[in-house]
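Overview (structure and organization)
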Amino acid sequence: MQVDPIHQFQIKNLMPMMDLAGHHIDFTNSALVMLIIVGSISALLIGATAPRAVVPGRLQSIAELSYEFVANTVRSTAGNEGMRFFPFVFTLFMFVLFANLIGLIPYSFTVTSQLIVTATLALLVFFIVVIYGFWRNGLHFLNLFVPKGVPKLILPAIVVIEVLSFLSRPVSHSVRLFANMLAGHITLQVFAGFIILLAGAGVLGWFGAVLPFAMVVMLTALELLVAFLQAYVFAILTCIYLNDAIHPGH
């Protein structure tokens, strides 16, 4: 029996939608999971806060804690002026978090393991930072690439490095999330495959399957932590980049 850890990341066409300029546009398992993510977030935030109880229940507490957690992150990173971007950052955080968590459900699909998805989110952040930076600060936004106190002799080299670092942000922003989710799920699949292979080898194999089973349990717990941490890292990096647009310069 062969174990294919990459099979879980394959995009499958579920229903044809339309033809556009000779290209087939289909409704895929990735699109289905994204709809489930949006529906789950909406159900939690709208349904949990609808009662507006003075003493919140569990779901309302989760919704309120999520709100306060992201709000505090934005304030501490981008200041009070950064709160105008709170809806955007909160949406990113909740989408990435739910995508990571839903991806841990067996036979589901991990949207954030697709580089095209994480790159799209990272590019969205990048262009918002650039557009808002120039809209708010004009050409003074370029001060972001000119650190203060740098000797004029090496200033051109520093500016080039700063520009390259700025342009590489979408790459690091997207690959970090994509690589963590991809590697974690592949590792889980490999150890889960060991359990199946050993269990099919007879009684001795059952005892041998105990170790990979324990590894799967521990890795699942670790992936739950990584799911939250990666959503937090994606959100806080977004806040840091937005702070550069609000307060350019060093």
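This report concerns the structure included in the present document.

Conventions adopted
Residues numbered from 1 in each chain as written. Predicted model: local features only at pLDDT ≥ 70, side-chain atom pairs only at ≥ 80, totals over all residues. Heavy atoms only, no water. Helix = DSSP H or I, 4+ residues; strand = E, 2+ residues; numbered from the N terminus. Expected span 1.5 Å × (residues − 1). Buried < 20%, exposed > 50% of the residue type's maximum accessible area, 1.4 Å probe, protein only. Patch = residues over 30% accessible without salt bridge, like charges linked within 9 Å, V, L, I, M, F, W, Y side chains within 5 Å. Areas by Shrake-Rupley, 256 points an atom, 1.4 Å probe, with all protein chains shown as cover. Salt bridge = Lys/Arg side-chain N within 4 Å of Asp/Glu carboxyl O. Pairing = 2+ DSSP bridges. Axes fitted to C-alpha atoms, helices over the stretch in contact; angles between N-to-C directions. Left-handed = near helix turned anticlockwise from the far one by under 90°. Contact = heavy atoms within 4.5 Å. Nonpolar A, V, L, I, M, F, W, Y, C, P; charged D, E, K, R; others polar. Parallel < 35°, antiparallel > 145°, perpendicular 65-115°, else oblique. Core = buried A, V, L, I, M, F, W, Y, C linked by side-chain atoms within 4.5 Å.

1. Thoughts on helix H2 (residues 58-78)
The terminal C-alpha atoms of H2 lie 30 Å apart, and with 21 residues this matches the ideal 30 Å at 1.5 Å per residue to within 8%. Here H2 has its buried residues at Gln60, Ala63, Ser66, Val70, Ala71, Thr73, Val74 and Ala78. Positive backbone phi, approximately 75°, marks glycine 79, located one or two places after H2.

2. Overview of a nonpolar patch on the surface
On the surface, Leu14, Met15, Met17, Met18, Leu20, Ile25, Leu32 and Ile36 cluster together into a nonpolar patch covering about 720 Å² of accessible area. Counting residues per element, the ones that place at least two in the nonpolar patch are strand E1 (13-20) and helix H1 (29-49). Here the element with the most residues in the nonpolar patch is E1; it accounts for five residues. As for its position among the elements, leucine 14 is in strand E1. The exposure class of leucine 14 is partly exposed, given its relative accessible area of 46%.

3. Quick notes on the pairing of strand E2 (residues 23-28)
In this sheet, E2 lies alongside E1 in antiparallel orientation, the contact comprising six bridges. Residue pairing for E2: proline 16 is matched across the bridge by aspartate 26. Hairpin connection between E1 and E2: a loop of two residues separates the two successive antiparallel strands, and alanine 21 in this loop has a positive phi of roughly 55°.

4. Remarks on the packing of H1 against H2
Running from N to C, H1 and H2 point in directions that differ by 115°, and their axes come no closer than 8 Å. Relative to H2, H1 is oriented so that their crossing is left-handed. Across the interface between the two elements, Leu44, Leu45, Ala48 and Thr49 of H1 pack against Leu59, Gln60, Ile62 and Ala63 of H2. Here the contact of H1 with H2 is composed, by residue class, of six nonpolar, two polar and no charged.

5. A word on the packing of helix H6 (residues 169-199) against helix H8 (residues 210-246)
Between two packed helices, the angle of one axis relative to the other and the distance separating the axes together describe the packing. It is the contact of H6 with H8, at a shortest axis distance of 10 Å, that shows an interaxial angle of 175°. On the basis of their axis angle, the class for H6 and H8 is roughly antiparallel. A breakdown of the residues in the contact of H6 with H8 according to their chemical character gives 18 nonpolar, nine polar and four charged.

6. What about the nonpolar core?
Within the largest apolar cluster, 49 residues are counted, with the highest numbers of intra-cluster contacts made by Ile37, Val89, Val111, Val129 and Phe166. Elements with a contribution of two residues or more to this core: H1, H2, helix H3 (86-102), helix H4 (115-137), H6 and H8. Discounting chain neighbours no more than four positions away, the residues touching valine 89 are Val70, Val74, Ala235, Thr238, Cys239 and Leu242.

7. Regarding the side chain of serine 30
Looking at the element boundaries, serine 30 is found in helix H1. Residue contacts for serine 30: discarding those within four places in its chain leaves Phe109 and Val111.

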